[in-house]
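So the chains spell out like this:
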Amino acid sequence: MTTTVTLTGAGGQIGYALLFRIAAGDMLGPDEKVRLRLLEIPAGIAAAEGAALELQDGAFGLLEHVEVTDDPAVGFDGADHALLVGARPRGPGMERGDLLAANGSIFGPQGAAIAAHAAPGVRVTVVGNPANTNALIAAAAADGVPAERFSALTRLDENRARGQLAAALNAPVADIAGVTIWGNHSATQFPDVARATVAGRPVWDALAEQTGDVRAWLDSTFIPRVAKRGAEIIQVRGSSSVASAANATIDHVRDGALGTGERRTSAAVISHGEYGVPEGLISSFPVRAVDGAWQIVEGLYPDDWARERIDRSVAELVEERDAVRALGLI
Ligand code: NAD
Ligand code: LMR
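Residues numbered from 1 in each chain as written. Chains lettered and ligands numbered in written order. Predicted model: local features only at pLDDT ≥ 70, side-chain atom pairs only at ≥ 80, totals over all residues. Heavy atoms only, no water.

Engineer: Teacher, can you tell me more about the pattern of salt bridges here?
Structural biologist: Where charged atoms from two side chains of opposite charge come close, those side chains can pair. Across all of its chains, the model carries 19 salt bridges by this definition. Across the salt bridge formed by R90 and E95, the nearest N and O atoms sit 3.9 Å from each other. In this structure, R201 engages E209 in a salt bridge whose closest nitrogen and oxygen atoms are separated by 2.5 Å. With relative accessibility at 33%, the residue R201 sits in the partly exposed group. Assessed through its relative accessible area of 62%, E209 is described here as exposed. Here the salt bridges share partners, and the residues they tie into one network are D219, E308, R309 and R312. (Salt bridge = Lys/Arg side-chain N within 4 Å of Asp/Glu carboxyl O. Buried < 20%, exposed > 50% of the residue type's maximum accessible area, 1.4 Å probe, protein only.)

Engineer: Could you clarify how one ought to interpret the packing of aromatic side chains in this entry?
Structural biologist: What characterises a pair of aromatic rings is the spacing of the ring centres plus the angle enclosed by the ring planes. For the structure on display, the rule yields seven aromatic pairs. Ring geometry for Y16 against F20: centres 5.3 Å apart, planes inclined by 70°, an arrangement best described as edge-to-face. In this pair, Y16 and F20 both sit in helix α1 (residues 13-23), four residues apart, roughly one turn of the helix. Note on Y16: relative accessible area 40%, which makes it partly exposed. Between W217 and F222, the ring centres sit 5.6 Å apart and the planes meet at 25°, which makes this aromatic pair stacked. (Phe/Tyr/Trp six-rings, centres within 6.5 Å; stacked < 30°, edge-to-face > 60°. Helix = DSSP H or I, 4+ residues; strand = E, 2+ residues; numbered from the N terminus.)

Engineer: Honestly, empty space enclosed by the protein in this entry has me stumped. Any pointers?
Structural biologist: One water molecule sets the probe size; rolling that probe over the atoms shows where empty space is left. In total, this model carries three cavities of 30 Å³ or more according to the counting rule given. Here the largest cavity defines a volume of roughly 110 Å³. Forming the walls of the largest cavity are 14 residues, and the residues nearest its centre are R123, T125, S151, G256 and W294. Counting residues per element, the ones that place at least two in the lining of the largest cavity are β5 (123-126), α10 (243-258) and β14 (293-296). No other element matches α10, which puts four residues into the lining of the largest cavity. Split by residue class, the lining of the largest cavity holds five nonpolar, six polar and three charged. Here the lining of the largest cavity gathers at least three residues from each of two domains, domain 1 (2-152) and domain 2 (155-321). In this structure, the second largest cavity is lined by G178, T180, W182, D192, A194, R195, L300 and P302. Looking at the lining of the second largest cavity residue by residue, the class counts come to four nonpolar, two polar and two charged. (1 Å grid on protein atoms, 1.4 Å probe; cavity = no way out; pocket = protein on both sides within 12 Å on 5 of 7 lines; lining within 4 Å. Points joined across faces, edges and corners; volume = space filled by probe spheres on them. Nonpolar A, V, L, I, M, F, W, Y, C, P; charged D, E, K, R; others polar. Domains from an automatic or database assignment.)

Right under this line is the structure:
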């Protein structure tokens, strides 16, 4: 089989970190051949063409074809997976929501082009920030494509949360499971460890031994560290995360395509009212992937303390939705 993958922003930083891993089979598995469509704006075409030359020089056995274009009709033609990365990154002192005015207008036309040209079963992953609301804009413009096929990346936040727990508990990161990111990919997100485990044991119990008051530690240390990690990276390296973002994108799309089994992960997907999140918002939830589709895992019953934090992030998503409505983007 051959899968067609469209990558927007292919000439940018994350694009460069993604392309070679996709070509190597890290995203869709070692047996799946890939056709790549690299969609850029004219200013990014030369960088994308350079990456295409290097893809050729990589002699990747799974890579059948690479096309570089600035025409969305060509870029999304036959796409089975569309990775919407192309968008401006934020700089120091900005919140991701500050990018709405600059980036929001990219996603409506791309949603429409996906509806017109992509494969009937297309799956769309939005990485460009603010990712949740950009996904909402793209889904709203993609007439005829079910909104359930759109997701936004919060896997980077989940991976960060697992990394922080591993460090705090002095445990291998591979032993940490069951962390959920709720809400927005922003500083209001709620990384939830209530059902997380370390080597099968509740993380909560292990944290209680280390910190005494788990909630106090979560509020003072863990939640801000995870939720503001993007800003920390920008401050330390001078520009926003790239390789970790590409890695999380690979994790997210691979799980979506190949399935998670019983394992839970996090993704921002359309709400049908689950956990009281207003219908139609693209919010991060606990999810599993079954037969190529994201499914929200229900019945986890957040307590009042968690509920308050989920509600805060969801309220920000409502504000972003209202803002893009006011801008005429949905
Ligand atoms: P970058 O500036 O290096 O690259 C962006 C690329 O997108 C550029 O080459 C640009 O020409 C291209 N582009 C702009 N508009 C386009 C359009 N309409 N169609 C196609 N291509 C277009 O930025 P980057 O570091 O690769 O980051 C890309 C985006 O990903 C940013 O918005 C960033 O904030 C976001 N991001 C999200 C996460 C996440 O977890 N969701 C993590 C890291 C970065
Ligand atoms: C991240 O989380 O690293 C990205 O969303 C980039 C950013 O602006 O923080």
